[in-house]
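# Coordinate analysis (summary)
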Amino acid sequence: MRGRNDGGQSKRPVVLFCVMVVCLCLLFLYFSGSNGQAGTAALEYGTKFTRSLGWGSDADGDDASEESIFGTGDANDAKLKSFPVCDDRHSELIPCLDRNLIFQMRLKLDLNLMEHYERHCPPPERRFNCLIPPPHGYKVPIKWPKSRDIVWKANIPHTHLAKEKSDQNWMIDAGEKIKFPGGGTHFHHGADKYIANIANMLNFKDNIINNEGMLRTVLDVGCGVASFGGYLLSSNVMAMSLAPNDVHQNQIQFALERGIPAYLGVLGTKRLPYPSRSFELAHCSRCRIDWLQRDGILMLELDRLLRPGGYFAYSSPEAYAQDEDDRRIWKEMSSLAERMCWTIAEKKNQTVIWVKPLNNDCYRSRPHGTNPPLCKSGEDPDSVWGVTMEACITSYPEQMHRDGGSGLAPWPARLTTPPPRLADLYVTTDAFEKDMEMWQQRVDNYWNLLRTKVKPDSIRNIMDMKANFGSFAAALKEKDVWVMNVVPHDGPSTLKIIYDRGLIGSNHDWCEAFSTYPRTYDLLHAWTVFSDLDKRGCSAEDLLLEMDRILRPTGFIIVRDKAPVIVFIKKYLSTLHWEAVTVVDADSSPESEENEMMLIVRKKLWLPGGSQDST
């Protein structure tokens, strides 16, 4: 009895194994059939899935070069996928600055170091993968320059700042609109008067802040609704207005709705996404930043970003030093600034302006062991994406030390004059000038193609998603627009050339979402951005959704890329509520990719709840 049972049990595994072998053979024959289409499809899906998770790709992205996710440009290469509409509670979603995500993922962040305001992007399984709807009642934004002073309340239905800052003239609730009188925490009577006062403190001619074209780029940290940056524009000064999505929510959203250059960011633990020596002036007006923390690391980050002879204008009670705590902070800040070789240019009316040295002489004459130390010679001050700040002084390269300054021309000549730092990238003056000429021709062509669709004031906020030297933005110099020049974080450090030309921008990784609110740009320019993404194995569908998120309704996208990319995007126009304006062959210049084409699309104005598309 026991023997029969043991024998029966020993046969069962053999039988099961044989059945499994037969099933596997049948499956193999099935998936090998139909010319291998099913097997190939399964392999393709698996490859795309592993890439989307960041698996299966080496640092050079060689695996992705075997087969493009865009196929060959044939109409059957890409499979159409519909995108659902996100819940209207997500109408202001910023994927990499989502505090709900931080809570859900239980990230252990140091609140004292502002880590919760830094970028924390969702993994693929937590992405929404849906279209961000506009708020109910959304209207086409008011056009610049009127938008500097007034916007539609329906577009940003938040009035808490109007109540909270009612005594400071940040903004005023005016029925269907929100008005911006130009006030701020430290300049209740208007940013224009405050700016003129800073120019007066620095003895600039006629109290004009641009100092005859020598002061062009400004970093305004803790910018509020960016009235300071907005009023600088009339003096041909371009500010990068910076603030986190903190307790004063929507301040950057208001700035961009107004048509003022702005970026969501924080002085926390990571370097800001700007190269060294980018700004002539850094500004902080009651910005609530603890400049003394961690051996002055935040002031040292400003020092990295300031040009030789650059200024830091600091307006705060500490500069006036009336009570004991203010006096202590002022004493420690003064000591830190002195050890950083900053000197006081002027101090008046709760505002102090420090100036950075023109060369390395002061750094080299400090007593041995003085803190903060100089940064190590091998460190790259222009490497910023995800790079942790260090409490050290960034000294000047030897050539800049000898020149005693940045060697930049005054604005507007600065825009077209080859900057000295071209030599860092081994780029010749001739190559720089040819790049300008090429992009001027291309931009003229863009405008001719858009002429029937674009009114003179239709476009204000522009993003160049792969800016190279910034020549696309330079070609728009006669238009009343501003351009956020985005440079890939893993490419040549051309962003410093962009800032040297008097333009602004940011490093970024287009495998992730950009640090801005939805509906903040009127035009996106994507030159070979999708092809670059393909090489890295990131999702082109994710990029389409991100572009839709940051593009305003009735806004435009110009895609300049290979033909298969254009075919791929066209398949998604309907589900994205985009309409094609034109598709044409690109120019045949040596710099153009093979089979390069241009697709111009326009985003329709659609509202949640099934409202009809309209423009």
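Residues numbered from 1 in each chain as written. Predicted model: local features only at pLDDT ≥ 70, side-chain atom pairs only at ≥ 80, totals over all residues. Heavy atoms only, no water.

## Describing the pattern of salt bridges
- Taken as a whole, this structure holds 25 salt bridges when the rule is applied.
- For Arg127, the salt bridge goes to Asp542, with nearest N and O atoms at 2.5 Å. With a gap of 415 residues between them, Arg127 in the loop between helix 3 (99-104) and strand 1 (150-152) and Asp542 in helix 17 (residues 540-550) connect regions that are remote in the sequence.
- A relative accessible area of 21% places Asp542 in the partly exposed class.
- For Lys603, the salt bridge goes to Asp548, with nearest N and O atoms at 3.8 Å. Taken as a pair, Lys603 in strand 17 (residues 596-603) and Asp548 in helix 17 lie far apart in primary sequence, 55 residues in all. There is no split in this pair, since Lys603 and Asp548 are both buried.
- Ionic contacts of the salt-bridge type, sharing partners, join the residues Glu280, Arg307, Arg414, Arg421 and Asp500 into one network. (Salt bridge = Lys/Arg side-chain N within 4 Å of Asp/Glu carboxyl O. Helix = DSSP H or I, 4+ residues; strand = E, 2+ residues; numbered from the N terminus. Buried < 20%, exposed > 50% of the residue type's maximum accessible area, 1.4 Å probe, protein only.)

## Focus: the state of the cysteines
- Inspection of the entire model under this criterion finds six disulfides.
- Each sulfur of the disulfide joining Cys284 and Cys287 lies 1.9 Å from the other. Note on the Cys284 and Cys287 pair: the S-S dihedral is about -80°, so by sign convention the disulfide is left-handed. Across the pair, Cys287 and Cys284 agree in class, each one buried.
- Paired through a disulfide, Cys511 and Cys538 show a sulfur-sulfur distance of 1.8 Å. Residues Cys511 and Cys538 share a disulfide whose torsion about the S-S bond is about 85°; that sign makes it right-handed. Separated by 27 residues along the polypeptide, Cys511 in the loop between strand 13 (504-508) and strand 14 (521-527) and Cys538 in the loop between helix 16 (529-536) and helix 17 bring together distant segments of the chain. With respect to class, Cys511 is no different from Cys538; both count as buried.
- The connectivity of the disulfide bonds within the protein can be written as 1-4, 2-3, 5-6, 7-8, 9-10, 11-12, using the sequence rank of each bonded cysteine. (Disulfide = S-S within 2.5 Å.)

## Some remarks on unusual backbone geometry
- Of note, the bond from Asn371 into Pro372 is cis; its omega dihedral lies within 30 degrees of zero at 0°.
- Following Trp411, the chain continues into Pro412 via a peptide bond in cis, with omega recorded as 10°.
- Counting through the fold element by element, Pro412 comes out in the loop between helix 12 (398-403) and helix 13 (429-450).
- Not every positive phi belongs to a glycine, and Asn207 is a case in point at roughly 55°.
- Within the fold, Asn207 resides in the loop between helix 5 (191-201) and strand 4 (217-221).

## What about helix 5?
- Those residues of helix 5 lying buried are Ala191, Tyr194, Ile195, Ile198, Ala199 and Met201. Taken around the axis of helix 5, the buried residues stretch over an arc of 160°, which confines them to a single face.
- Those residues of helix 5 hidden inside the fold are in contact with helix 6 (227-232), strand 7 (279-285), strand 8 (306-315), strand 9 (343-348) and strand 10 (351-355).
- Where helix 5 terminates, the next one or two residues include Asn203, which has phi positive at roughly 60°. (Arc of directions from axis to C-beta. Contact = heavy atoms within 4.5 Å.)

## Here we look at the sheet that holds strand 2 (residues 172-174)
- Pairing is antiparallel across the open sheet formed by three strands, whose spatial order is 1-3-2. Strands at the two margins of the open sheet, each flanked by one partner only, are strand 1 and strand 2. Here the strands of the sheet are splayed against their neighbours by 30° on average, with no regard to which way each runs.
- Relative to strand 3 (residues 177-179), strand 2 is paired through three bridges, and the arrangement is antiparallel. Within strand 3, the residue paired with Ala174 across the bridge is Lys177. (Pairing = 2+ DSSP bridges. Axes fitted to C-alpha atoms, helices over the stretch in contact; angles between N-to-C directions.)

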